[in-house]
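Residues per chain, in single letters:
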Amino acid sequence: MPRVLLIEDDPSVREGVGLGLRRRGHEVRAAATGEAGLAALAEFRPDLLLLDLMLPGMNGVQVCRRVREHSQLPIIMLTARGDDFDVVVGLEAGADDYIVKPARTEVIEARIRAVLRRLDDSGPGRQGRPAIEVHGELTIDRVALTVSKAGRPLALAPSELKLLLHLCAAPEQVFSRQQLLEHVWDHSYHADARLVDACVRRLRGKIEDEAGSPRYVQTLRGFGYRFGPL
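Residues numbered from 1 in each chain as written. Predicted model: local features only at pLDDT ≥ 70, side-chain atom pairs only at ≥ 80, totals over all residues. Heavy atoms only, no water.

Turning to the side chain of E109, a few remarks are in order. Mapping E109 onto the fold places it in helix α5 (residues 105–116). At 2.8 Å, the side chain of E109 forms a polar contact with the side chain of R113. (Helix = DSSP H or I, 4+ residues; strand = E, 2+ residues; numbered from the N terminus. Polar contact = N/O pair within 3.5 Å; in protein donor to acceptor, adjacent residues only side chain to side chain.)

Our focus in this paragraph is the environment of H166. Of note, H166 is situated in helix α6 (residues 158–168). Here H166 falls in the buried class, since its relative accessible area comes to 4%. Taking C-alpha positions, H166 is 8.0 Å from H183, a pair spaced 17 residues apart along the chain. (Buried < 20%, exposed > 50% of the residue type's maximum accessible area, 1.4 Å probe, protein only.)

On to the pattern of salt bridges. Scanning the entire structure with this criterion turns up 17 salt bridges. Here R3 and E27 are joined by a salt bridge, their closest N and O atoms 2.8 Å apart. Of this pair, R3 sits in strand β1 (residues 3–7) while E27 sits in strand β2 (residues 27–31), and the two are 24 residues apart along the sequence. Look at R3 and you get partly exposed, because its relative accessible area is 25%. You can call E27 partly exposed: its relative accessible area is 42%. Three or more residues are tied together by salt bridges with common partners; here these are E8, D52 and K101. (Salt bridge = Lys/Arg side-chain N within 4 Å of Asp/Glu carboxyl O.)

Across the sheet, four strands lie side by side as β6-β7-β8-β9; this open sheet has antiparallel pairing. A single partner strand is all that each edge strand has here, and the edge strands are β6 (132–135) and β9 (152–154). With strand direction ignored, the average angle separating the axes of adjacent strands in the sheet is 25 degrees. Note: β6 against strand β7 (residues 138–141), four bridges, orientation antiparallel. Bridge pairing links V134 to T139 in β7. Those strands touched by α6 are β6, β7 and β8 (146–149), and its axis lies near 100 degrees from that of β7. (Pairing = 2+ DSSP bridges. Axes fitted to C-alpha atoms, helices over the stretch in contact; angles between N-to-C directions. Contact = heavy atoms within 4.5 Å.)

Given below as structure tokens:
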């Protein structure tokens, strides 16, 4: 089972979430502060980070940014305020998903599984596609799960890579935000479209020459997003 690092300052949440995940077979390390959580990263080597947004001292957004400086570790943020502006800031900082507290353990477990689900399952009509695709300056290896631009490797977070794989599997097909939430994030209900928009902005910042004039991930206002045409 995946190893989970939980950074949460509320003792009751920390103990409840940790106990629930351990009962489901996860190895869990818990930390009460951002500083302690960052110190535990190298030693514990988790498969996923569950990160509280509101932490004393170094907050969750700052921790997320620090992790993203050197790692594409999957990150799910925990927040008590689902409609808060801070959620958007956390997503922009590099979080792959978020969960509003309080949340049942089965909900957290489902989100963990969705984030960690094999990335090469992403994309419509994947069967019969070449393992390595070239789109302009982008080279996408669906087997190695790597992306490079003009020969330079790009570090993409899990949600960014899933989104790119899904879009480029059907060039010029327009996907609504709800479709992308269902296929990339496995949210089958009417979820928060900010997940999609924040991920698109982060992805554009890495693959586009000019994020404001996207060549690869294009917006069709009122409809959604598409890949190309180049």
